[in-house]
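Breakdown of the fold
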Amino acid sequence: MAYAAFRSIGAYVPEKILTNDDLSHMVDTTDEWITKRTGIKERHIAADNERTSDMGVKAAALAIERSGIDASKIDMVICATISPDYFCMPSTATIISTKLGLGNATAFDISAACTGFVYTLSIAKAFIESGMKKNVLIVGAEKLSSITDYTDRGTCILFGDGAGAAVISATDNKDEAIIDVHTGADGTYADLLMTPNGGTGSPHDSLDQEAGACFMQMKGNETFKVAVRTLTKDVIEILQENEIESSAIKHFIPHQANYRIIKAVGDALKMTKEQVVVTVAKYGNTSGASIPMAMNDVYEAGELKAGELMLLDAFGGGLTWGSALVPFSPVK
Ligand code: UT7
């Protein structure tokens, strides 16, 4: 049987920075409120002419280079995004694949909001373990600034842009293998976090467009409570099912939505400060890109070594959630 190994990580962060002070001139908020309630200090915003695929390509090129695997061997590209280049088609994954010159690799997007990267990981694992694919490029890329309402202080303070990517490859060495990936969803909470207009549920018309047809809306406080409850349960379950103690986790890399959520889940697992990766202060919430961007920071700091065990967790619109137990397994 083939196993799936997490070979490499890469990320791209756009240059422009939007600080809490900048936002305090745009909506009725303060640096103090944002810092205290979210832990966010700043977020990066893509240039006007910079598309989600452009950011995805930069992150993916790094991930491929670091994997040591020839680009021609990539046989599938999956992009997790809720801010695609185009609303319906072509998928952002096909654009990324073509810009990278990956030939006719299978390419498609998935929509699982902030859990998107964990979902792509589960798909990559399943395709590799079934023997259908050998080297899967997974990308989380978001230009959330394009679907953010900068008059809504409940959401605009949270989100940022960026991309992260990883190469997952077949191996016959079980010690290198992704141990487990959990994914789940519950549409009964769909109205907590959504882009209500623009789809067949509420088609665009000229009025919608003026009002910002595709902007995100969130019931923040309710989402917060479900996030803490769901994530805590899910990460405890994945550890128990795999008989792994939280002390064995070298890097706990949660989705970076709000420092208070990260802290609550970390505390429930009795994680030390050293185990918990926190990048929310500088990137804000970048949805499907947040976990690989955070992981890339650890990698670039020289702190992600071969064999070290990572625990990932995420929660987002849908509602969706997921977690994963992943040893970092670069090609030796
Ligand atoms: O990534 C996907 C999943 N997303 C999440 O998990 C995000 C979850 N939610 C959150 O992170 C938090 O709920 C928020 C950061 C969005 C809000 O924090 P909160 O502590 O839940 O605040 P709240 O919504 O309960 O609002 C408290 C007060 C309200 O005023 P009143 O009614 O008490 O007078 C809000 O109007 O804070 C007010 N408020 C603000 N004040 C200053 C809301 N947003 C702001 C703001 N600046 N930006």
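What counts, and where the lines are drawn
- Residues numbered from 1 in each chain as written.
- Predicted model: local features only at pLDDT ≥ 70, side-chain atom pairs only at ≥ 80, totals over all residues.
- Heavy atoms only, no water.
- Helix = DSSP H or I, 4+ residues; strand = E, 2+ residues; numbered from the N terminus.
- Expected span 1.5 Å × (residues − 1).
- Buried < 20%, exposed > 50% of the residue type's maximum accessible area, 1.4 Å probe, protein only.
- Contact = heavy atoms within 4.5 Å.
- Near = heavy atom within 4 Å.
- Polar contact = N/O pair within 3.5 Å; in protein donor to acceptor, adjacent residues only side chain to side chain.
- Areas by Shrake-Rupley, 256 points an atom, 1.4 Å probe, with all protein chains shown as cover.
- Salt bridge = Lys/Arg side-chain N within 4 Å of Asp/Glu carboxyl O.
- Pairing = 2+ DSSP bridges.
- Axes fitted to C-alpha atoms, helices over the stretch in contact; angles between N-to-C directions.
- Parallel < 35°, antiparallel > 145°, perpendicular 65-115°, else oblique.
- Left-handed = near helix turned anticlockwise from the far one by under 90°.
- Nonpolar A, V, L, I, M, F, W, Y, C, P; charged D, E, K, R; others polar.
- Phe/Tyr/Trp six-rings, centres within 6.5 Å; stacked < 30°, edge-to-face > 60°.

Digging into helix α7 (residues 220-241)
In this model α7 runs 31 Å from its N-terminal to its C-terminal C-alpha over 22 residues, within 8% of the 32 Å that 1.5 Å per residue would give. The complete set of buried residues in α7 reads Thr-223, Phe-224, Val-226, Ala-227, Thr-230, Leu-231, Thr-232, Asp-234, Val-235, Ile-238 and Leu-239. Check the buried side of α7 and you find it contacts β8 (180-185), β9 (193-194), β10 (217-218), α8 (259-268), β12 (309-316) and β13 (320-327). Downstream of α7 by one or two residues, Glu-243 has phi in the positive range, about 50°.

Some words on the site of the ligand
Near the ligand lie 24 residues; those nearest to it are Thr-29, Asn-221, His-255, Asn-258 and Asn-285. The side chain of Arg-37 places a nitrogen or oxygen atom 2.9 Å from an oxygen atom of the ligand. Side-chain polar atom of Asn-221 to an oxygen atom of the ligand: 2.8 Å apart, as the coordinates give it. Out of a free accessible area of 950 Å², the ligand has 73% covered by protein chains. When residues of the shell around the ligand are traced back to their parent elements, those giving at least two are α2 (31-38), α7, α8 and β12. Among the elements that make up the shell around the ligand, the one with the highest residue count is α7 (4 residues).

Some details on the pattern of salt bridges
Any two side chains of opposite charge can pair, on the condition that their charged atoms come close. Summed over the entire model, instances satisfying the criterion amount to 12 salt bridges. Between Asp-31 and Lys-41 there is a salt bridge, with its nearest N and O atoms 3.1 Å apart. A residue pair is termed long-range when its members are at least 10 positions apart, and Asp-31 in helix α2 and Lys-41 in the loop between α2 and β3 (42-45) qualify at 10 residues. Assessed through its relative accessible area of 25%, Asp-31 is described here as partly exposed. A salt bridge links Asp-297 to Lys-282, with the nearest nitrogen and oxygen atoms 2.7 Å apart. Of this pair, Asp-297 sits in helix α10 (residues 290-300) while Lys-282 sits in helix α9 (residues 280-283), and the two are 15 residues apart along the sequence. Taking relative accessible area as the criterion, Lys-282 reaches 37% and is therefore assigned partly exposed. The network of salt bridges with common partners includes Arg-7, Glu-176 and Lys-332.

Quick word on the sheet that holds β8
Judged by pairing direction, the sheet is mixed, and its 4 strands sit side by side in the order β8-β13-β12-β11 without closing on themselves. The sheet terminates laterally at β8 and β11 (251-254), the two strands that pair on one side only. Averaged over neighbouring strand pairs, the angle between their axes works out to 10° when direction is ignored. Across the sheet, α7 lies against β8, β12 and β13, angled at about 150° from β12, the strand it touches most.

Side note on the packing of α7 against α8
Orientation of α7 relative to α8, taken along the N-to-C sense of each, is 30°, at an axis distance of 9 Å. Judged by the inter-axis angle, α7 sits roughly parallel to α8. Here α7 runs over α8; the crossing is right-handed. Two secondary-structure elements touch here, α7 through Phe-224, Ala-227, Val-228, Leu-231, Thr-232 and Val-235 and α8 through Arg-260, Ile-261, Ala-264, Val-265 and Ala-268. In terms of residue class, the contact of α7 with α8 is made up of 9 nonpolar, 1 polar and 1 charged.

Remarks on the sheet that holds strand β4 (residues 76-80)
Spatially, β1-β7-β6-β4-β5 is the arrangement adopted by the 5 strands of the open sheet, whose pairing is mixed. One side of each edge strand has no neighbouring strand; the edge strands of this open sheet are β1 (3-12) and β5 (106-110). Across the sheet, the mean angle separating the axes of adjacent strands is 20° when strand polarity is ignored. Note: β4 against β5, 5 bridges, orientation parallel. Within β5, the position partnered with Cys-79 by the bridge is Asp-109. Each of β1, β6 (135-143) and β7 (161-171) is contacted by helix α3 (residues 52-67), which is oriented at about 125° to β1, the strand it contacts most.

What about the packing of aromatic side chains?
Under the definition given, this model contains 1 aromatic pair. Judged by centre distance (5.9 Å) and plane angle (70°), the rings of Tyr-299 and Phe-328 are edge-to-face. Of this pair, Tyr-299 sits in helix α10 while Phe-328 sits in the segment after β13, and the two are 29 residues apart along the sequence.

With respect to the pairing of β11
Across the two faces of β11 the burial is the same, with His-251 and Ile-253 and Phe-252 and Pro-254 all buried. Sheet analysis places β11 next to β12, joined by 4 bridges and oriented parallel. Across the sheet, the residue bridging to Pro-254 is Asp-313, located in β12.

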